[in-house]
Amino acid sequence: MTEKNSGFTLIEVLVVVALFSVLFLALLAVLTNADLYWSKGQNKLNEQQEARRVISGVVNDLRRSNPNWDISGTEYPVAISENYTRIDFYQPVFYNETDSTITGLTKITYKIDTTDVRKLLRKSGSDPEEIISNATESIRFGGACPDCSTYNCTAVNAACPVVRVEVVTKEDNEFELVSDVALRNMNITLANDTEVIEPEEGEF
Amino acid sequence: MRGKKGILLLVSAVVMTVVSVLAGVYLSSLVVEKRSSDTDRLAGQSLNLAEAGVNQAMAELRKRIGTDLRLKVEAIQNASTVNAYASNSLGFIRDYAYASGEPQFTVSGNKATLTITPVILNSDVDGDFEQTTITITSAAAPSMDLSNELFYFYYTYEIESKGRITRYTPALEKTVVLAPNDFTLVVRRDNFAKFALFTNHHTTGTGTTVWFTSNTNFSGPVHTNDRFSFASNPSASFTDAVSQHKNTARFYNDGHNILYLDDYCNGEIDVPQFSTPAGETFYRGESIINLESSLNQQDLEDEATAGQNLGSGVFVPLDASNNVVGGIYVNGSLGTSSDNPVITLGVDAGNNPQYTIVRDSNTYVVTVDLANNQTTFADPVNGTNTYPGIPNGAGDEGILIYVDDDIAGISGVVQSATRMTVASRRNVVIKDNITYQSYTASPLNADDYQNMLGIISWEGNVSIGTTAPDNVNIHAIIMAQHGIFTVDNYQSGSPRGTAILLGGVITDYYGPFGTFAGGSALSGYGRNFVYDPRVQNGTTPPYFPYMTSFTTFIEPTDALYKKTVWRQKEG
């Protein structure tokens, strides 16, 4: 071995650096793409999960309701308003775990927050409002009776006690979930002293 | 060169490791997400299973109470059998609400419970709803009216159903409760009004055969203690059960060699139209139903007279304080036609029922003010007087007109809020249309209204008179316990169309309505008897004769159909 063979020429070093740069850039591109697709996949999962969570909560509340509760002639209907983005209805309150006597009605409201349209708010009776979702691109409620072919009824009646709920969530792309909910509590006569728990006027 | 290869290997290993880790994490999150979405979907399935269990339980309850219990009660002959449950209403459910071979309700404390055997689900459904339970409690002590053999059992039922999905451990469970719902079980003597057609003998009084032809249509149950006679193809049509005591029916066979067959048709020659193609609702060899009633003619007369001994004329019996205590009573000379009354049922300008009775050239008008519970009676002797009370018989069942004579003619309109019975010792002639004030013309029914009329002839016939119009309309349940329902001069003149009856006919013999040849009408009326299904829920004309067997009704009638409080149990 001679002294000349113990080192690299400038050209050799430059070629090696160039080769490594190309390799590094290629690796970076792979990792960046992987991260991008990971994020997209994760966002899609999040959108789906969020939509399912939102619709599950709304459906769970809605199915316990009645199209038009009546206490001593005063009606407590299901009402859809604010361009189909708000729904108000009443849920029964039972005497206890084993006695299914209805002692009260709690007003439930779902609506979009006017200051941040991605927020879906829920209000139960006089409890403080909750933020149900921060990623709701849109929500739509509509009576789903036969004469509401485009689900544009704002009232729900006993002949067809069904509400359609459409939820769209968005992180990257939109994900839409739709569910038709049949209201289960029907044919009920409420006692005159049934308590109604609802927000103060103008509170929500 | 060896050193460079080593670096490339190292870089490749790093890339592979990073990509593998990323893929692993991503797959892991996919699995978690899959599990999460499965949980959502299966939770929905378990809720659906629970609701399916509720629906199955409601169907079972309807079968047990509406069919099994009723069939067992129909075998009861003595009121004492029912009265034995006066302090044990849950025992009544346990002992009667089951079919042979089925488990009975278990009574413990104040509850009768029944666990439903689940239906077998498709193999691709990972769950069941084996925990569906019906619980019946006594809502109040039974009430018994022994003199009228009437029993009321008050119940509340509740259904709890648990849906389980067993794919994951622990199993996903949702429990739905349907509660509480009240119903009253009424047990009482069965009523002849429940038949669209009942005959004790299915011939005329002289033994002449009256054939069912295509001009004869019945909706509602049809029964004879004799045998039915069918002619032509198509022959009569029936929409409900047809039953006869004898094993063979009579077939016209084109007029040659009349046949007696234990069959629902005579080949293609005589083919009655039953509600099932194979004639499965034509029951032969059924038990005789005794036409004698537990309510007899004297009972009805006593209801009208309130036990008073009245002379000849038209009466609205009063008590010592001038309160109306009976019905409307008309008494004449039997066998003398000149004093046979003509009765017109009507409605006055104030929508009150008004009955105009012309007897012996005198006109009597009885106006019943239902809202104010008073009766105005205008008669030629005493003028017009108003009395407290209404002429609804001593038992307050409903308006009662009893004629101890023949009725020369009856026609008119039955006021919409009135249930009434017109009873006669002898013959009754329908001289014009008799219609309910409130009814639906198409399809013909009075399901949503109260007006109901019973016409009874105890010893004679009920007939459609010669003055009645073609296509006469008669809204009434007609009974001739020892006679027939027929058409006067049915065998002469031109065909008069169809006699349309909304109600039923219960007679000793089967009266002819017309004559026919080759399936075409020659004279008289065809029959279109439309059943009044209100009688199946226990609504009958007042004082209408009861049968010797018992039956049951559920009040309110939709109690076992409508769902009320729906509740999902948490946890």
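Residues numbered from 1 in each chain as written. Chains lettered and ligands numbered in written order. Predicted model: local features only at pLDDT ≥ 70, side-chain atom pairs only at ≥ 80, totals over all residues.

A.B. asks: Give me the lowdown on the overall build of chain B, citing residues and values where you can.
C.D. replies: The secondary structure content of chain B amounts to four helices and 35 strands. Compactness check: chain B gives a C-alpha radius of gyration of 33 Å against a globular reference of 25 Å for 571 residues, more than 25% above the reference. Taken along the three principal axes of its C-alpha coordinates, chain B extends 140 × 65 × 45 Å. In chain B, which comprises 571 residues, the share counted as buried stands at 44%. (Helix = DSSP H or I, 4+ residues; strand = E, 2+ residues; numbered from the N terminus. Rg over C-alpha atoms; globule rule 2.2 N^0.38 Å. Buried ≥ 20, exposed ≤ 12 C-beta atoms within 10 Å, placed from the backbone.)

A.B. asks: How would you sum up the overall build of chain A? Please name residues and give values.
C.D. replies: For chain A, the count of helices and strands is one helix and eleven strands. The order of α-helices and β-strands along chain A, N terminus first, is α-β-β-β-β-β-β-β-β-β-β-β. Computed over its C-alpha atoms, the radius of gyration of chain A comes to 29 Å, more than 25% above the 17 Å expected for a compact globule of 204 residues. Relative to its 204 residues, chain A shows a buried fraction of 24%. Taking all contacts inside chain A whose residues are at least 6 apart in sequence as the whole, residues at least 24 apart take part in 57%. (Contact = placed C-beta atoms within 7 Å.)

A.B. asks: I'd like to hear about the interface of chain A and chain B, residue by residue, with values.
C.D. replies: Many structure descriptions define interface size as the accessible area lost when the parts assemble. Taken together, the contact between chain A and chain B spans 20 residues of the former and 20 residues of the latter. In terms of residue count, the dominant contributor to the side of chain A that touches chain B is helix α1 (residues 10-62) of chain A (twelve residues). A per-class count over the side of chain A that touches chain B returns eleven nonpolar, seven polar and two charged. (Nonpolar A, V, L, I, M, F, W, Y, C, P; charged D, E, K, R; others polar.)

A.B. asks: Give a detailed account of the sheet that holds strand β9 (residues 162-170) of chain A, specifying residues and quantitative values.
C.D. replies: Residues and elements named next belong to chain A. What the three strands build is an open sheet, ordered β8-β9-β10; its pairing is antiparallel. Each of the sheet's edge strands pairs with one partner strand only, and the pair in question is β8 (136-143) and β10 (174-182). Averaged over all adjacent pairs, the angle separating strand axes in this sheet is 15°, with direction ignored. Relative to β9, β8 runs antiparallel, the two sharing seven bridges. Along β9, the bridge assignment pairs S138 with V168. (Pairing = 2+ DSSP bridges. Axes fitted to C-alpha atoms, helices over the stretch in contact; angles between N-to-C directions.)

A.B. asks: Explain the sheet that holds strand β13 (residues 249-251) of chain B to me, and be specific about the residues and the numbers.
C.D. replies: Residue and element names in this part refer to chain B. Reading across from one edge, β10-β13-β14 is the order of the three strands in this open sheet, with mixed pairing throughout. At either margin of the open sheet sits one strand with a lone partner, and together these are β10 (229-230) and β14 (259-261). As judged from the two bridges shared by β10 and β13, these two strands associate in the parallel manner. Note that in β13 the partner of F230 across the bridge is F251.

A.B. asks: Before we move on, could you go through the domain arrangement of chain B and cite the residues and values that matter?
C.D. replies: Residue and element names in this part refer to chain B. Taken domain by domain, chain B consists of domain 1 (41-191 + 557-569) and domain 2 (193-308 + 401-548). Taking the mean C-alpha position of each, domain 1 and domain 2 sit 38 Å from one another. Every contact between the two is made by six residues of domain 1 and, on the other side, eleven residues of domain 2. Looking at the side of domain 1 that touches domain 2 residue by residue, the classes come out as one nonpolar, three polar and two charged. (Domains from an automatic or database assignment.)

A.B. asks: Let's hear about unusual backbone geometry: which residues, and what values?
C.D. replies: Cis geometry is adopted by the peptide bond preceding B:P234, which originates at B:N233 and carries an omega value of 0°. By the element assignment, B:P234 lies in the loop between β10 and β11 (237-238). Backbone geometry places A:E82, a non-glycine residue, at a positive phi of 50°. Assignment of secondary structure puts A:E82 in the loop between β3 (79-81) and β4 (86-94).

A.B. asks: Please set out the nonpolar core residue by residue, giving values where relevant.
C.D. replies: Residues and elements named next belong to chain B. Within the largest apolar cluster, 96 residues are counted, with the highest numbers of intra-cluster contacts made by F230 and I328. If you tally residues by element for this core, the top one is strand β31 (residues 495-509), at seven residues. Excluding residues within four positions of it along the chain, F230 makes contact with W211, F212, S235, A236, A249, F251, Y252, D270 and P272. Counting residues in hydrophobic clusters, the runner-up holds 39 residues, among them V54, F153, Y157 and L178. (Core = buried A, V, L, I, M, F, W, Y, C linked by C-beta atoms within 7 Å.)

A.B. asks: I'd like to hear about the pairing of strand β2 (residues 111-115) of chain B, residue by residue, with values.
C.D. replies: Residue and element names in this part refer to chain B. Residues of β2 alternate between two faces, with A112 and L114 buried on one and K111, T113 and T115 left unburied on the opposite face. As paired strands, strand β1 (residues 106-108) and β2 are joined by three bridges and run antiparallel to one another. Note that in β2 the partner of S108 across the bridge is K111. Counting the residues that bridge the hairpin from β1 to β2 gives two residues, and of these G109 lies at a positive phi of roughly 60°. One ladder, built from five bridges, connects β2 with strand β4 (residues 133-145); its direction is antiparallel. Each bridged residue has a counterpart across the sheet, and for K111 the counterpart in β4 is T137.

A.B. asks: Can you explain helix α4 (residues 297-305) of chain B? Please cite residues and give values.
C.D. replies: What sets the pattern is the α-helix's 3.6 residues per turn: residues three or four places apart point alike. For α4(B), the set of buried residues is B:L300, B:E301, B:E303, B:A304 and B:T305. One or two positions beyond α4(B), positive phi appears at B:A306, with a value near 55°.

A.B. asks: Could you give an account of α1(A), naming the residues involved and the relevant values?
C.D. replies: Taking 1.5 Å per residue, 53 residues should reach 78 Å; α1(A) reaches 76 Å between its end C-alpha atoms and fits that length. For α1(A), the set of buried residues is A:E47, A:E50, A:A51, A:R52, A:V54, A:I55, A:V58 and A:L62. (Expected span 1.5 Å × (residues − 1).)

A.B. asks: How would you explain the environment of B:G66 if you had to name every residue and give the values?
C.D. replies: Residue and element names in this part refer to chain B. Along the chain, G66 falls in helix α1 (residues 2-73). A residue is classified by how many C-beta atoms lie within 10 Å of it, and G66, with 16 of them, is partly exposed. Contact partners of G66, with chain neighbours within four places excluded, come to I554 and L560.

A.B. asks: An account of the confidence of the model for chain B is requested, with residue identities and associated values reported.
C.D. replies: With 97% of its residues at a pLDDT of 70 or more, chain B shows a mean pLDDT of 89. With a pTM of 0.71, the predicted complex shows an ipTM of 0.79. (pLDDT = per-residue confidence, 0-100.)

A.B. asks: How would you explain the pairing of strand β7 (residues 130-133) of chain A if you had to name every residue and give the values?
C.D. replies: Residues and elements named next belong to chain A. Examined bridge by bridge, strand β6 (residues 120-124) and β7 share three bridges and lie antiparallel to one another. Paired with L121 across the strands is I131, a residue of β7. Hairpin remark: β6 followed by β7, antiparallel, with five residues in the connecting loop; positive phi at G125, about 55°.

A.B. asks: Lay out the environment of A:G73 in plain terms, naming residues and giving numbers.
C.D. replies: Its place among the elements puts A:G73 in the loop between β1 (68-71) and β2 (74-77). The spatial distance from the C-alpha of A:G73 to the C-alpha of A:N192 is 9.2 Å, given a sequence separation of 119 residues.

A.B. asks: With reference to specific residues and values, describe the environment of B:N427.
C.D. replies: Residue and element names in this part refer to chain B. Here N427 lies in the loop between β25 (419-424) and β26 (428-436). It is 10.0 Å that separates the C-alpha atoms of N427 and F485, two residues lying 58 residues apart in sequence. When neighbours within four sequence positions are excluded, N427 is seen to be in contact with D406, S457, G460, N461 and S463.

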